[in-house]
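Coordinate inspection notes
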Amino acid sequence: MRGEYSTRQKRELLKFLKEHELENFSVDEVVLRLRERGASVGRSTAYRYLEALAEQGSVRKYAGAQGITQYQSVSDSDDCSRHFHMLCKRCGTLMHVDCGLMESLSRHIAEHHGFQLDARETMLVGVCEKCAQKDAGGEVDGDGADRTEGRHDCV
């Protein structure tokens, strides 16, 4: 980080993020999970560092379910500028959408409406399959809130 010295807290936070790449966490969840493993990281320290990492692009920041800011560690190879995202408003799961229809929609909007969509910032908000099954009374493994990012590909 821009010439700053590395502290034990920052090293613990980076280690946690690398271990949980593409998983989504609020600042409070990060602090709690770090404390559970014996690392004491203050909320304000975690918040400032996550914000700095988001500014650098190594952490994705977005408004998750119920409007709570979520952070997600992403590798350098994960280029979200090429696909849209789906966000479950119940469990907070964020998924990539690699779909030709979305690409066609983006081109249509650009060509016919003169507006360039930013795929990195574009999210479709709704209810994921697990939560929909749970709402319908179907059997779902776990609580439906695995909070990991998936990829939905279609033709």
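Presented here is an overview of the structure given in this document. The residue numbering used here restarts from 1 in each chain and proceeds along that chain's sequence as written. Only residues with pLDDT of at least 70 get local features here, since the model is predicted, and only at 80 or more are side-chain atom pairs given and counted; chain-wide, interface and lining totals rely on the full set of residues. Values shown for side chains rest on all heavy atoms present in the structure; no hydrogens or waters enter the calculation.

Only DSSP runs of H or I covering at least 4 residues are called helices, and only runs of E covering at least 2 are called strands; the numbering of each starts at the N terminus. Within the chain, the secondary structure is distributed over 5 helices and 7 strands. Here the term buried applies to any residue with accessible area under 20% of the maximum for its type, exposed to any over 50%, and partly exposed to those in between, with areas from a 1.4 Å probe on protein chains only. When the 155 residues of the chain are sorted by exposure, 37% land in the buried category. Restricting to contacts in the chain with at least 6 residues of sequence separation, those with at least 24 account for 59%. Surface exposure of the chain reaches about 9400 Å², of which carbon and sulfur atoms provide 49%. Any two residues having at least one pair of non-hydrogen atoms within 4.5 Å are treated as being in contact. Note on areas: Shrake-Rupley with a 1.4 Å probe; residue coverage comes only from the protein chains shown.

Bringing the sheet that holds strand E1 (residues 24-25) into the picture now. Note on pairing: DSSP must find at least two bridges between two strands before they are called paired. Taken in spatial order, the 3 strands line up as E1-E3-E2 in an open sheet, and their pairing is antiparallel. Two strands bound the open sheet, and with one partner strand each, they are E1 and strand E2 (59-63). Note: E1 against strand E3 (residues 69-73), 2 bridges, orientation antiparallel. When the sheet's bridge partners are listed, Phe25 is paired in E3 with Tyr71.

Now for helix H2 (residues 27-36). Among all positions of H2, only Val27, Val30, Val31 and Leu34 are buried. Looking straight down H2, one finds its buried side chains confined to an arc of 95°; they lie on one side. Contact partners of the buried residues in H2: helix H1 (8-19), E1, helix H3 (43-56) and E3. Phi turns positive, to about 90°, at Gly38, one or two residues after H2. It is the directions from the helix axis to the C-beta atoms whose arc is reported.

What follows concerns the packing of H1 against H2. As a packed pair, H1 and H2 sit with axes 11 Å apart at the nearest point and diverge in direction by 100°. As the angle between them shows, H1 and H2 are arranged roughly perpendicular. Of the residues in H2, those touching H1 at Glu12, Leu13 and Phe16 are Val30, Arg33 and Leu34. Residue polarity follows a fixed list, in which Ala, Val, Leu, Ile, Met, Phe, Trp, Tyr, Cys and Pro are nonpolar, Asp, Glu, Lys and Arg are charged, and the others, Gly among them, are polar. Residue composition of the contact of H1 with H2, grouped by class: 4 nonpolar, no polar and 2 charged. Axis geometry follows a simple rule: fit a line to the C-alpha atoms, using only the stretch in contact for helices, then measure angles between N-to-C directions, giving values from 0 to 180 degrees. Oblique is the label for any angle not under 35 degrees, not over 145, and not in the 65 to 115 range, which are roughly parallel, roughly antiparallel and roughly perpendicular in turn.

A few words on the pairing of strand E4 (residues 84-88). Counting buried residues along E4, 4 of its 5 residues qualify, which places the element largely inside the surrounding structure. As judged from the 4 bridges shared by E4 and strand E5 (residues 94-99), these two strands associate in the antiparallel manner. Each residue of the ladder has a partner; that of Leu87, found in E5, is Leu94. Hairpin connection, E4 to E5: the antiparallel pair is bridged by 5 residues, and Gly92 has positive phi, about 85°. Of the pairings in the sheet, the one linking E4 to strand E6 (residues 123-126) comprises 4 bridges and is parallel in character.

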